[in-house]
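A structural walkthrough
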Amino acid sequence: MMELTGTRLIQFRVDGIPAPKGAMSAFPIRKAGALTGKVVVTARGSAKQTEWTNRVLSVVREVAEDNEFLTGPVSVTVRFYLPKPKSAPKRRTFPDRAPDIDKLARLVLDAITGTLIEDDARVVYLQAIKQYAEGGERPGAEVQVWAMPE
């Protein structure tokens, strides 16, 4: 897999059990049985998601204090280390079950938006990997954000 590196690197680690960003639900507004053209969007989350979000935001804010805000294109690599269930075979290295990797990555991207990077639309390359934490590794996530040449 290709890895893009840029001119500046910001990297950090968040310890804890990674949780996915909750799903969004949209409901059309009706008045007297007819659609009004308005929609209410709600987020569904869990206590685990809230705890993980707070951990990620805490680390990102610390890192942001020591780094320049990135306004141009960026490359992001995130490696998630998930706890290995006792029921998983010993030879299995990568979790091929929930949580979805895109929802794990979305939470991290939302956390770095407005703190480390201007907008997650500035991400031109995203690599996300989820694997089991084994051999003394702690559950968590390692994040690398590269400022790309414009």
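So, a few notes on the structure that sits alongside this text. (Residues numbered from 1 in each chain as written. Predicted model: local features only at pLDDT ≥ 70, side-chain atom pairs only at ≥ 80, totals over all residues. Heavy atoms only, no water.)

1. Considering the layout of surface pockets
Leftover empty space is mapped by rolling, across the atoms, a probe with the size of a water molecule. Empty space within the largest pocket amounts to approximately 270 Å³. Forming the walls of the largest pocket are 16 residues, and the residues nearest its centre are Ile-17, Pro-18, Lys-48, Leu-82 and Pro-83. Considering each element in turn, the lining of the largest pocket owes the most residues, 4 residues, to helix α1 (residues 47-65). By residue class, the composition of the lining of the largest pocket is 12 nonpolar, no polar and 4 charged. Space inside the second largest pocket adds up to approximately 160 Å³. As for the second largest pocket, its lining consists of 11 residues, and the residues nearest its centre are Thr-77, Arg-79, Glu-142, Val-143 and Gln-144. When residues of the lining of the second largest pocket are traced back to their parent elements, those giving at least two are β1 (8-15), β4 (74-82), β5 (123-132) and β6 (140-147). Taken together, the residues of the lining of the second largest pocket sort by class into 4 nonpolar, 4 polar and 3 charged. (1 Å grid on protein atoms, 1.4 Å probe; cavity = no way out; pocket = protein on both sides within 12 Å on 5 of 7 lines; lining within 4 Å. Points joined across faces, edges and corners; volume = space filled by probe spheres on them. Helix = DSSP H or I, 4+ residues; strand = E, 2+ residues; numbered from the N terminus. Nonpolar A, V, L, I, M, F, W, Y, C, P; charged D, E, K, R; others polar.)

2. A short note on the sheet that holds β5
Strand order in the open sheet formed by 4 strands is β1-β6-β4-β5, and the pairing between neighbours is mixed. Each edge of the open sheet is held by one strand with a lone partner, namely β1 and β5. Strand-to-strand twist in this sheet, taken as the mean axis angle between neighbours without regard to direction, amounts to 10°. When β4 meets β6, the two strands line up antiparallel, connected through 8 bridges. Counterpart to Val-74 in the pairing with β6 is Ala-147. The sheet contacts of α1 involve β1 and β6, and relative to β1 the element is tilted by about 145°. Docked against the sheet, helix α2 (residues 101-112) engages β1, β4, β5 and β6, running at close to 125° with respect to β5. (Pairing = 2+ DSSP bridges. Axes fitted to C-alpha atoms, helices over the stretch in contact; angles between N-to-C directions. Contact = heavy atoms within 4.5 Å.)

3. A few points about the nonpolar core
Phe-12, Val-76, Ile-112, Leu-116, Ile-117 and Val-145 are the most contacted members of the largest nonpolar core, which has 28 residues in total. Those elements that place two or more of their residues in this core are β1, α1, β4, α2 and β6. Those residues in contact with Phe-12 that sit more than four places away from it in its chain are Val-59, Val-60, Val-63, Ile-112, Leu-116, Ala-141, Glu-142 and Val-143. (Core = buried A, V, L, I, M, F, W, Y, C linked by side-chain atoms within 4.5 Å. Buried < 20%, exposed > 50% of the residue type's maximum accessible area, 1.4 Å probe, protein only.)

4. Digging into the pairing of β6
Of all the 8 residues making up β6, 6 are buried; the element is thus mostly covered by neighbouring parts of the structure. As paired strands, β1 and β6 are joined by 8 bridges and run antiparallel to one another. Bridging across to β6, Gln-11 finds its partner in Gln-144.

5. Considerations on the pattern of salt bridges
Applying the stated criterion to the full structure yields 8 salt bridges. We note a salt bridge from Arg-13 to Glu-142, for which the minimum N-O separation is 3.6 Å. Residue Arg-13 is located in strand β1, and its partner Glu-142 is located in strand β6; the two are separated by 129 residues in the primary sequence. The partly exposed category is assigned to Arg-13, whose relative accessible area is 24%. Salt-bridge contacts for Asp-96 lead to Arg-97; the nearest nitrogen and oxygen are separated by 2.5 Å. Residue class for Arg-97 comes out exposed when judged on its relative accessible area of 53%. (Salt bridge = Lys/Arg side-chain N within 4 Å of Asp/Glu carboxyl O.)

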